[in-house]
Amino acid sequence: MTKKEVIENCFAFLLAGYETTSTAMTYCSYLLAKYPEIQKKLWQEIKLVKNEGTLDYDSIHSMKYLDAVYKETLRYYPPVIHFISRTCLSDITIRGQFYPKGCSVTVQGNTIHRSESNWDHPDIFDPDRFLAENTEATEKSTNLKWIPFGVGPRFCVGMRFAEMEFKMTIAKLIDKFELRIPMGEMDLIPDCNGVIMRPKDARAEPILIFSSIKVGPPIRPTSENHNAQHETYKKY
Ligand code: HEM
């Protein structure tokens, strides 16, 4: 590899690995704040695990409900869209659709994830659909209907790291804080900046994204959030 290629790859990793995961965790925080009963169920699982030990690599992986919340968050709001593209290597017709050699085919995760032909009640946020006993959903997550990280030999190389980062951060957050959305707060509107689908008007800095969903007192108050209620609730 040339020095230029090394620099380019480091840059790609930095871009691919930062905004994706932070956006996924932002969505998850918002959804847990919006659905307190789901947040409570997750907190109860965290409490159980902590009663038997600590939140670490092994225990985090044993948490079935956390896994379901993780998968359902990425189904409901896949952060990366417009990026799963492949070049067609030869003329081919699939289900009556002709694809000429050389054309670029893009698969949009958000469309696949919200299609009624793939998921029951796709617009409902329901982590239970991913619980192990629900085998149908578990199968769906592996048969091209759950593709937040893409598919095939060029799927996301950071997937395992992202999963660990997401689960560890969310578990530690919910262990210590109860997330709530203040009365009157508008619903989150996802917006696409070209590749990443993230909350509309959220700034690139994570601190501002978090303050926009009112997780505790804002670190840098803005004119919009100045009058809003901000509360941080300690669980213990
Ligand atoms: C929730 C977090 C993440 C999501 C949703 C995500 C999603 C994706 C998607 C959809 C692709 C395209 C896959 C395809 O075309 O089939 C991709 C590729 C890639 N991702 Fe991620 N990603 C995440 C986190 C990360 C992290 C943490 C890293 C690195 C530390 C990373 C590095 C990459 C790289 C290098 C590629 C290009 C792989 C290639 O072209 O062979 N991603 N990611």
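Residues numbered from 1 in each chain as written. Predicted model: local features only at pLDDT ≥ 70, side-chain atom pairs only at ≥ 80, totals over all residues.

1. Observations regarding the site of the ligand
The following threshold applies: Residues are classed as near a molecule or strand if the C-beta position derived from their backbone is within 6 Å of it. Each helix is a run of H or I in the DSSP string that is no shorter than four residues. Each strand is a run of E no shorter than two, and both are numbered from the N terminus.
Near the ligand, the surroundings consist of 23 residues, among which A16, G17, G150, C156 and G158 are the closest. Elements represented by at least two residues in the shell around the ligand include exactly α1 (3–34) and α7 (159–176). Among the elements that take part in the shell around the ligand, α1 stands out by supplying seven residues, more than any other.

2. A short note on the UniProt feature "binding site: heme" (unreviewed entry) in the chain
What counts is decided by this rule: UniProt positions are given in the numbering used here, feature names are shortened, and annotations may be inferred rather than shown by experiment. To sort residues by burial, count the other C-beta atoms lying within 10 Å of each one's C-beta; a count of 20 or more means buried, 12 or fewer means exposed, and anything in between means partly exposed. C-beta atoms are built from the backbone. The contact criterion used here is simple: two residues whose C-beta atoms, placed from the backbone, lie within 7 Å are in contact.
Per the UniProt record, "binding site: heme" (unreviewed entry) is found at C156. Looking at the secondary structure, you find C156 in the loop between α6 (135–140) and α7. By C-beta crowding, C156 is classed as partly exposed, having 18 other C-beta atoms within 10 Å. Residue contacts for C156: discarding those within four places in its chain leaves F149 and G150.

3. What to know about the nonpolar core
Note the following rule: In these notes, a nonpolar core means any group of buried Ala, Val, Leu, Ile, Met, Phe, Trp, Tyr and Cys residues linked to one another through C-beta atoms within 7 Å.
Membership of the largest hydrophobic core comes to 30 residues, with the highest contact counts inside it found for C28, L32, L42 and V69. Of all the secondary structure elements, the ones that give two or more residues to this core are α1, α2 (36–52), α4 (64–76) and α7. In terms of residue count, the dominant contributor to this core is α1 (eight residues). In this view, C28 contacts V69, T73 and I170; residues no more than four positions away in its chain are not counted.

4. Looking at α4
Our working definition: To estimate the expected span of a helix, count its residues, drop one, and scale the result by 1.5 Å.
Over its 13 residues, α4 runs 18 Å from end to end, which matches the ideal 18 Å to within 8%, given 1.5 Å per residue. Burial of α4 is extensive: ten of the 13 residues sit out of reach of the surface. The set of residues buried in α4 consists of L66, A68, V69, Y70, K71, E72, T73, L74, R75 and Y76. Contacts from the buried residues of α4 go to α1, α2, α3 (57–62), α5 (109–113) and α7.

5. A short note on the environment of A162
Within the element layout of this structure, A162 appears in helix α7. A162 sits in the buried class, given 22 other C-beta atoms within 10 Å. Among residues more than four places away in sequence, those in contact with A162 are T20 and T21.

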